[in-house]
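# Tertiary structure, described
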Amino acid sequence: MATSREMTAGRALPLIFNFTMPLLMGNLLQQTYSLVDAAIVGKFLGINALASVGASTSVVFLILGFCNGCCGGFGIPVAQKFGARDYSTMRRYISVSLQLAAVMSVVIAVVTSILCGDILLMMRTPDIIFQNAYYYLLITFIGVPCTFFYNLLSSIIRALGDSKTPFWFLLFSAALNILLDLFCILVLDWGVAGAAIATVFSQGVSAVLCYGYMMRRFDILRGTPDERKFNGALARRLMYIGVPMGLQFSITAIGSIMLQSANNALGTACVAAFTAAMRIKMFFMCPLESLGIAMATYTGQNYGAGKPERIWMGVKVSALMMIIYWAFTFCVLMLGARTFALLFVEASELEILKDTELFLHISVSFFPVLGLLCILRYTIQGAGYTNLAMLSGVSEMIARVLVSLYAVPAFGYLAVCFGDPTAWIAAVLFLVPAFIFVYRRLLRMRREQRV
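Just so we're clear, the structure is a prediction, and the values are computed from it rather than from any experiment.

## Thoughts on the overall build of the protein chain
Helix and strand counts for the protein chain stand at 16 helices and zero strands. For 451 residues, the compact-globule estimate of 2.2 N^0.38 gives 22 Å, and the C-alpha radius of gyration of the protein chain, at 21 Å, lies within 12% of that figure. Dimensions of the protein chain along its principal axes, counting C-alpha atoms only, are 70 × 45 × 35 Å. Long-range contacts, defined here as pairs at least 24 residues apart, represent 85% of the contacts in the protein chain between residues at least 6 apart. Of the roughly 17700 Å² of accessible surface on the protein chain, a fraction of 69% belongs to carbon and sulfur atoms. Considering the protein chain, the positive charge centre built from 32 side chains and the negative charge centre built from 21 side chains are found 14 Å apart.

Okay, here's the thing in structure tokens:
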């Protein structure tokens, strides 16, 4: 039988490290098949096709980020009740979250599919890549339920302290996605649409398998029919935590859309460079994001167990791991950025290679800021203060909008490269005092409970 893991006792460093590693491997896999998607499209279908995929990256992040944020939020009460050993309420939360996911994902898929063309027009997508960008985005939107359910099920399993099981299903999904990419693009000749179909289908299969495994192998999830009934009070609690987390990602994405729209106006070459650089950057960001996700579960369990001092201990050891990783990544990308860019474009595309390299050099220089952002934001979310985390997303959005409106017209692609680092700095300036507020409040609540 699969086992859950409590992180409410023991040394924080090995607990967080061991929990983070399967998350990291899973995220790396996810980014690997995102890289493979782009590499296959760029190499076999050309620069315009690569730009078609990249032209809608921020919009995909807007919608899927909202879904993934909600899923992460739905997992927080599960982690808290697991830490408090209130397993009956935990199972009720899981049942209600699955019911909410079914409704929300279908509504999102229908609305976004209808608005797909208008969104690309608003983003000033170049005419030469508009049709392919539309097909790619439409198929991605239709597949929202697949993405929603896979991420929700993974979030629930992680809330129980098991980060390994989601990794194995993601490994299967990644392998299937790569094979379907090659089949749909090279054999069926479906072009950019084939890449989107491969991704959606792979996630759907993985979600179905993940659900079957979870319900059969986790004894702690087996409940009574009464525990599976819809509960309005629990649904409101889930929405109260999950929606702000989803909105945080979406608000952040609005700024990214503004930045990408400004970059789209600079021409197809800049769009292709931005697409390649973003794929590479997202790959190297995986450990930072994984540390953050681990801190959400760690914080949720320790919050439920009434142990706030362990939360601060977790923040410190996570920051140490983040700095060590950044030192390694800085050397790799400073020396090898152009080599990574050659995965997407031919060596003759000198302008695209130069722009991709510039973007990566600037981004990696600010990774410590991004790492602190991930650790603090997910820690605050794990404690249930998702509204504060959402406000940090507002800070990011404002920073990206200002760069898009004022810096990009003046400085061009160089300003695009500084868009994300500027947003990270703005978010951290908000998150540091927010974390201090949350931590002091948790300490005060524990003292009051003891009295």
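## Here we look at the nonpolar core
Ile16, Phe359, Phe367 and Ile380 are the most contacted members of the largest nonpolar core, which totals 71 residues. Broken down by element, this core gets its largest block of residues, 17 residues, from helix H10 (residues 268–304). Setting aside anything within four residues of it in sequence, one finds phenylalanine 359 in contact with Phe274, Ala277, Met278, Lys281, Tyr413, Val416, Cys417 and Asp420. Among the nonpolar cores identified, the runner-up in size contains 56 residues, and Leu29, Tyr93, Ala207 and Phe218 belong to it.

## What about the pattern of salt bridges?
Overall, the coordinates contain eight salt bridges when judged by the stated rule. With its nearest N and O atoms 2.9 Å apart, the salt bridge here joins glutamate 227 to arginine 91. Residue glutamate 227 is found in the loop between helix H8 (191–217) and helix H9 (232–264), and its partner arginine 91 is found in helix H4 (residues 87–122); the two are separated by 136 residues along the sequence. A relative accessible area of 7% means that glutamate 227 is categorised as buried. Notably, a salt bridge pairs aspartate 226 with lysine 229, separated by 3.9 Å at the nearest N-O pair. You can call lysine 229 exposed: its relative accessible area is 53%.

## Some details on the domain arrangement of the protein chain
When the domains of the protein chain are assigned, the result is domain 1 (26–230) and domain 2 (253–450). In this structure, domain 1 and domain 2 have C-alpha centres spaced 21 Å apart. Taken together, the contacts link 39 residues of domain 1 with 39 residues of domain 2. For the domain 1 and domain 2 pair, buried surface summed over both sides reaches about 3200 Å², with 64% attributable to carbon and sulfur atoms. If you look at where domain 1 meets domain 2, you find zero salt bridges. Viewed at the interface, domain 2 and domain 1 are joined by one residue pair in polar contact (both at pLDDT 80 or more). Elements represented by at least two residues in the side of domain 1 that touches domain 2 include exactly helix H1 (12–45), helix H2 (47–54), helix H3 (57–83), helix H5 (127–142) and helix H6 (144–159). Considering only residue class, the side of domain 1 that touches domain 2 consists of 22 nonpolar, 14 polar and three charged.

## A word on the packing of aromatic side chains
A full pass over the atoms with the stated rule returns twelve aromatic pairs. Relative to tyrosine 213, the ring of phenylalanine 169 has its centre 5.6 Å away and its plane inclined at 70 degrees; by these criteria the two rings are edge-to-face. Here phenylalanine 169 is found in helix H7 (residues 164–187), whereas its partner tyrosine 213 is found in helix H8, with 44 residues between them in sequence. Phenylalanine 169 gets classed as buried once you look at its relative accessible area, which sits at 12%.

## Considering helix H14 (residues 386–411)
Spanning 26 residues, H14 covers 36 Å between terminal C-alpha atoms, matching the ideal 38 Å at 1.5 Å per step. Of all the bends in H14, the greatest measures close to 40 degrees and is centred on serine 404.

Each value, and the rule that gives it
Residues numbered from 1 in each chain as written. Predicted model: local features only at pLDDT ≥ 70, side-chain atom pairs only at ≥ 80, totals over all residues. Heavy atoms only, no water. Helix = DSSP H or I, 4+ residues; strand = E, 2+ residues; numbered from the N terminus. Rg over C-alpha atoms; globule rule 2.2 N^0.38 Å. Contact = heavy atoms within 4.5 Å. Areas by Shrake-Rupley, 256 points an atom, 1.4 Å probe, with all protein chains shown as cover. Lys, Arg positive; Asp, Glu negative; His and termini not counted. Charge placed at Lys NZ, Arg CZ, Asp CG, Glu CD. Core = buried A, V, L, I, M, F, W, Y, C linked by side-chain atoms within 4.5 Å. Buried < 20%, exposed > 50% of the residue type's maximum accessible area, 1.4 Å probe, protein only. Salt bridge = Lys/Arg side-chain N within 4 Å of Asp/Glu carboxyl O. Domains from an automatic or database assignment. Buried area = accessible area lost by both parts, 1.4 Å probe. Polar contact = N/O pair within 3.5 Å; in protein donor to acceptor, adjacent residues only side chain to side chain. Nonpolar A, V, L, I, M, F, W, Y, C, P; charged D, E, K, R; others polar. Phe/Tyr/Trp six-rings, centres within 6.5 Å; stacked < 30°, edge-to-face > 60°. Expected span 1.5 Å × (residues − 1). Bend = angle between axes of the 7 residues up to and from the residue.

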